Every structure is written in C-alpha cells, then in structure tokens.
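Residues per chain, in single letters:
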Amino acid sequence: MKAVSLFRRLLDRLSLYLPLILMGFLALGSWWLVRSMPAMVYVDENKPVRQDPDYRLENFSVKSFDTTGRMTREVLGDKARHYPNVDEMHIEKVRVYAESETGVKINAKAQNGIATGDGERVTMIGQAVAIREADAQSPRTELQGERLLALPKEERLLSSDPVRITRGHDVFTAQTMNFNSKTGEYLLQGRVHGMLPPKP
C-alpha cells in the first residue's frame, strides 16, 4: 500500500514538472534543427563576392520591349562574360540597335562593350561607331571614337575622348561630346573643328 502511495506521489510530482521537461525537449529540438540547416540559408556578409565570371554567353542577342510589344533595344555580341562583383557584362564585338518611341533609330558597334546589369549604361570601347539614321528632323549622323557611352533611357551618347561627327556632309571633331539621339543635337567641347562644305 505504501509502495502504491509512493508511486502516486512520484507521478504527481512528475506531472508538475512535465511541462518544463517538454519545453526543454522542444528547445533542444529547435537548437538541433537550426544547427542542421544547410549553410546556404545563412548570408555571410563578410564573404567576398566572386571575382571570376559566373556565366558566359556566345553568339547571343538580348532584346528589350515596351508595354505594347515593340522592340526598343537589342544588344548582340560574339562572346560575353558576366562579373557578379560589379554586375557587369563584358562583351566582345558588341552591336547595339535601338529605336525610340518617335521612331529614331540608332545602330552602334565596337570591338568591346561593358553593359551594366540594369541596362542603364553601355560603354562601347575600341573603334566605336554609332549611326543615327536620317529623319525629318536631321540628316544621317555618324559618331566615331575610341570610347562611347550610351545611356539608353536618356537617349544620349557621351564621350570624354576625341570624337569625329559626320552630319550629312558636315564633319566635326572635338575632345568631348554629349549627343542627344532623340533630337539629333550635340554639344562639343575642347578643340572643336568643323568642315562645312558650301551648299549647292
């Protein structure tokens, strides 16, 4: 009888501590689960971003479209490498085609190009040439230089290196250039020279 009474007291006391014991097991299980999670769940802010390319392309074409489905821009290249540390695409034999809402067409090419991941900037490097086709506002305009910076959303071409501009029969050279591809207007600075043949 005493043994049964003792056993009941032990069960009563155990039932008092049972919630605490269960909470302990749950905490231990949670700790084990966290420790067992894959390392990829954690973001190590001190981990260096890889310097080498994370992917490569060959003979590729990337097209952009507006909300109506009209193609606004196409970037082509023979080869390309994407560098995640700077989010840049380095392109060999780059070609760019763009058309604005008003129908202004630009074709550009260079030996190499660097495009930002968001597409905001495309730098054309090495024998860079950009041609704005003739329209009602201005004649055909050709820009030549070793480095041209295209800003597609702003519809601008910039250069901080010497450039040569052929606008119809007129030829200009300058040290720097800011070209508005939408209007055909350009701002030239630094040793600007121009040759304007007489009109017939």
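All of these numbers come straight from a predicted model, not from anything done at the bench.

## Re the nonpolar core
Part 1 of the argument: If you look at the biggest cluster of nonpolar residues, it comprises 25 residues, and the most contacted ones within it are Ile 91, Met 124 and Met 177.
Part 2 of the argument: Listed by contribution, the elements that provide at least two residues to this core are β2 (71–83), β3 (88–99), β4 (105–116), β5 (122–132), β6 (141–151), β8 (163–167), β9 (170–174) and β10 (176–180).

## Here's the deal with the pattern of salt bridges
Part 1 of the argument: Per the counting criterion, the structure on display carries five salt bridges.
Part 2 of the argument: Between Arg 70 and Asp 66 there is a salt bridge, and its shortest N-O distance comes to 3.2 Å.
Part 3 of the argument: On the accessibility criterion, Asp 66 (26% relative accessible area) is partly exposed.
Part 4 of the argument: One salt bridge in this structure joins Glu 92 and Arg 81, with 3.3 Å as the shortest N-O distance. In this pair, Glu 92 sits in strand β3 while Arg 81 sits in strand β2, placing the two residues 11 residues apart along the sequence.
Part 5 of the argument: With relative accessibility at 22%, the residue Arg 81 sits in the partly exposed group.

## With respect to the layout of surface pockets
Empty space among the atoms becomes visible once a probe the size of a water molecule is rolled across them.
Part 1 of the argument: In this model, the largest pocket occupies a volume close to 550 Å³.
Part 2 of the argument: Counting only elements with at least two residues in the lining of the largest pocket, the list comes to β2, β3, β4, β5, β6 and β7 (156–159).
Part 3 of the argument: Take the lining of the largest pocket: its biggest share by element is three residues, from β3.
Part 4 of the argument: The calculated volume of the second largest pocket comes to roughly 300 Å³.

## So, the environment of Arg 140
Part 1 of the argument: Here Arg 140 lies in the loop between β5 and β6.
Part 2 of the argument: In this structure, the C-alpha to C-alpha distance between Arg 140 and Arg 167, residues 27 residues apart in sequence, is 6.0 Å.
Part 3 of the argument: Leaving out residues up to four positions away in the same chain, Arg 140 has contacts with Ile 131, Arg 132, Glu 133, Ala 134, Thr 166, Arg 167 and Gly 168.

## Digging into the pairing of strand β1 (residues 55–65)
Part 1 of the argument: Relative to β2, β1 runs antiparallel, the two being bridged by 10 bridges. Across the sheet, the residue bridging to Lys 63 is Glu 74, located in β2.
Part 2 of the argument: Remark: five residues form the turn of the hairpin made by β1 and β2, two consecutive strands paired antiparallel; Gly 69 in that turn has positive phi of roughly 95 degrees.

## Points about the environment of Asp 161
Part 1 of the argument: If you trace the backbone, Asp 161 turns up in the loop between β7 and β8.
Part 2 of the argument: If sequence neighbours within four positions are ignored, Asp 161 has contacts with Arg 147, Ala 174, Gln 175 and Thr 176.

## Focus: unusual backbone geometry
Part 1 of the argument: With a phi angle near 50 degrees, Asp 87 is a residue other than glycine that sits in the positive phi range.
Part 2 of the argument: By the secondary structure assignment, Asp 87 is in the loop between β2 and β3.
Part 3 of the argument: One non-glycine residue, Lys 93, adopts positive backbone phi at about 55 degrees.
Part 4 of the argument: Within the secondary structure, Lys 93 sits in strand β3.

## Observations regarding the side chain of Thr 72
Part 1 of the argument: Looking at where Thr 72 falls in the secondary structure, it is placed in strand β2.
Part 2 of the argument: What Thr 72 contacts, discounting residues up to four positions off in sequence, is Ser 64, Phe 65, Asp 66, Tyr 97, Ala 98 and Glu 99.

Calculation notes
- Note on numbering: residues in each chain are counted from 1, in written sequence order.
- Residue-level local features of this predicted model are given only where pLDDT is at least 70; pairs of side-chain atoms are given and counted only at 80 or more, and the full residue set underlies all totals for whole chains, interfaces and linings.
- Hydrogens and waters are ignored; side-chain quantities use all the structure's heavy atoms.
- Take the buried Ala, Val, Leu, Ile, Met, Phe, Trp, Tyr and Cys residues and link them wherever side-chain atoms come within 4.5 Å; each set so joined is a nonpolar core.
- Buried, partly exposed and exposed residues are distinguished by accessible area as a fraction of the type maximum, computed with a 1.4 Å probe on protein chains only: under 20%, between the cut-offs, and over 50%, respectively.
- Labels follow the DSSP assignment, with helices taken as runs of H or I lasting at least four residues and strands as runs of E lasting at least two, numbered in each case from the N terminus.
- Salt bridges are identified by distance alone: a Lys or Arg side-chain nitrogen within 4 Å of an Asp or Glu carboxyl oxygen.
- Of the grid points, spaced at 1 Å and generated over the protein atoms alone, those admitting a 1.4 Å probe that cannot get out make up cavities, while open sets with protein on both sides within 12 Å along at least five of seven lines make up pockets; any residue with an atom within 4 Å of a point is treated as lining.
- Grid points are joined across faces, edges and corners, and a volume is the space filled by probe spheres set on the points.
- Contact between two residues is taken to exist if any of their heavy atoms lie within 4.5 Å; hydrogens are not considered.
- When DSSP finds two or more bridges between a pair of strands, those strands are recorded as paired.

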